[in-house]
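Here are the chains, one letter per residue:
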Amino acid sequence: MPGFAGFQVNLGNVLVEMHRLDDALAAYQRAIELDARSADTYNNIGAVYRALERFDDARSAYDKALAIDPKHMGAWNNLGLLHDARGEIEAAIRAYLTALDLAPGHRNSAYLLGITFYKVGQLAKAAEVFRLWAQRDPDDPVPSHLYAACSGQNVPERASDAYLEAEFDRFSASFERVLNERLHYCAPQRCADLLAECLPAKDGALDMLDAGCGTGLCGPLVAPWSRRLVGVDLSAGMLAKARNKGVYDELIKAELTAYLQGGRDRWDAIVCADTLCYFGDLTAVLQASASALRPGAAMVFTVEALADDGATQAAILPNGRYAHGRAHLDRVLAAAGLQTLDARREVLRNEGGAPVQGWLMAVKRPL
């Protein structure tokens, strides 16, 4: 069936997942040659152009999609993303609002609209978006958590298991591309570099845990030290991506604190990149980490840093993550019986074009 445009569209979709964007674009363009009235295909072409930062071409593709179907909610949503990438925030907000007018229950448009209001400091509007979303879908844990983060009302002690599963299952397909291309994410490499200063030579002799492993970005970096490398995470979607790295001996779906509490004196090293920012008070999780480490074993982790290093309590941020002051870290590490080997204030990633400061910590369970 050489004239079947749907084949070319599906081929393009697969090539996008493989990050072969130029090949994907060629497939979508062949689909247009076969069916020039497909708003969906023009929308896909726009998304690829946006990923390639060919913004004018992306805008042209979205305009063609909307000329064919002015009520194409996906094209309006993607047009909002394009405006956001170009720094055209008011235009992005209008596009997201149009998408929500067309599909009031569309989860992604509500999420993007709320996050955009948060990024420009309009927290009351962000909170209202998340409140209305939670009202429409009370069983979805994401809007209620983000409403608490933006409004400061009913703030949980840590992000719930349900929120983390929902958020990261949704994010798993694009996680690495977004972090690497847009956020300049470097926490895994920072952790691996500091771990190298704390551990013996890379002789493949250690039992290691990647705590909150996500898609496995730390795995290849720490595998040379490991005799056995285990990853634990709450998100099945993230674990599926981690499995593709081919370096883990075991991947386990579990809540981190409970998992750590289940195995005393088990690990020669723990690496925990960008996971503890979903906990408020770190007392329980670091006590569990201390008990899971063997005597003399090291743990390297990151947290986002509060501007006030003297803060003894964690604070939730409008993006739903938690930040910590050095005073809080010192207090809970001492309570857990962990010795601080190194503490560095580092840039871990960008957000909204600005660097995000964090603490990069190396600790040890004493002999």
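Shown above is the structure to which this text applies.
All values reported here derive from a predicted model rather than from experimental measurement.

1. Details of a nonpolar patch on the surface
Right, so step 1: A surface patch of nonpolar side chains, amounting to about 410 Å² of accessible area, comprises Met-1, Phe-4 and Phe-7.
Right, so step 2: Position of Met-1 among the secondary structure elements: in the segment before α1 (5–17).
Right, so step 3: Its relative accessible area of 83% is what places Met-1 among the exposed residues.

2. What about the packing of aromatic side chains?
Right, so step 1: Applying the stated criterion across every chain yields a total of 2 aromatic pairs.
Right, so step 2: The interplanar angle of 90° and the centroid separation of 5.5 Å between the aromatic rings of Phe-168 and Tyr-278 together place this pair among those described as edge-to-face. Placement of Phe-168 in helix α10 (residues 161–171) and of Tyr-278 in the loop between β4 (267–272) and α16 (283–292) is noted, with a sequence separation of 110 residues between them. With respect to class, Phe-168 is no different from Tyr-278; both count as buried.
Right, so step 3: In this structure, Lys-202 packs its charged tip against the face of Trp-225, placed 4.9 Å from the ring centre.
Right, so step 4: The residue whose ring lies beneath Arg-326 is Trp-359, and the NZ or CZ to ring-centre distance is 5.3 Å.

3. What to know about the state of the cysteines
Right, so step 1: Evaluation of the coordinates by the stated rule reveals 0 disulfides.
Right, so step 2: Here Cys-150 is not disulfide-linked; the sulfur of Cys-277 is the nearest cysteine sulfur, at 16 Å.
Right, so step 3: Left without a disulfide partner, Cys-186 is nearest to the cysteine sulfur of Cys-191, which lies 9.7 Å away.
Right, so step 4: Judged by its relative accessible area of 18%, Cys-186 is buried.

4. Some remarks on the side chain of His-328
Right, so step 1: Residue placement: His-328 occurs in helix α17 (residues 326–336).
Right, so step 2: The class of His-328 is buried, set by a relative accessible area of 0%.
Right, so step 3: Side-chain polar atoms of His-328 contact the backbone nitrogen of Leu-282, separated by 3.2 Å.
Right, so step 4: Side-chain polar atoms of His-328 contact the side chain of Arg-331, separated by 3.1 Å.
Right, so step 5: Beyond its immediate chain neighbours, meaning those up to four positions away, His-328 contacts Gly-280, Asp-281, Leu-282, Ala-311, Thr-312, Gln-313 and Ala-314.

5. Let's talk about the pairing of strand β1 (residues 206–211)
Right, so step 1: When you tally the buried positions in β1, you get 6 out of 6 residues, the bulk of the element.
Right, so step 2: Because side chains alternate across β1, one face comprises the buried residues Leu-206, Met-208 and Asp-210, and the other comprises Asp-207, Leu-209 and Ala-211, equally buried.
Right, so step 3: Where β1 and strand β2 (residues 226–233) come together, 6 bridges link them in parallel fashion. Bridge pairing in β2 places Met-208 opposite Leu-229.
Right, so step 4: Sheet topology note: the β1/β4 ladder contains 3 bridges and is parallel.

6. What about unusual backbone geometry?
Right, so step 1: Positive phi, close to 65°, is recorded for His-19, a residue that is not glycine.
Right, so step 2: The phi torsion at Glu-53 lies on the positive side, around 60°, for a residue other than glycine.
Right, so step 3: Mapped onto the fold, Glu-53 is located in the loop between α3 (39–51) and α4 (55–68).
Right, so step 4: Classification of Glu-53 as exposed rests on a relative accessible area of 58%.

Calculation criteria
Residues numbered from 1 in each chain as written. Predicted model: local features only at pLDDT ≥ 70, side-chain atom pairs only at ≥ 80, totals over all residues. Heavy atoms only, no water. Patch = residues over 30% accessible without salt bridge, like charges linked within 9 Å, V, L, I, M, F, W, Y side chains within 5 Å. Areas by Shrake-Rupley, 256 points an atom, 1.4 Å probe, with all protein chains shown as cover. Salt bridge = Lys/Arg side-chain N within 4 Å of Asp/Glu carboxyl O. Helix = DSSP H or I, 4+ residues; strand = E, 2+ residues; numbered from the N terminus. Buried < 20%, exposed > 50% of the residue type's maximum accessible area, 1.4 Å probe, protein only. Phe/Tyr/Trp six-rings, centres within 6.5 Å; stacked < 30°, edge-to-face > 60°. Lys NZ or Arg CZ within 6 Å of the ring centre and 35° of its normal. Disulfide = S-S within 2.5 Å. Polar contact = N/O pair within 3.5 Å; in protein donor to acceptor, adjacent residues only side chain to side chain. Contact = heavy atoms within 4.5 Å. Pairing = 2+ DSSP bridges.

Any link to function would need more than the numbers given here.
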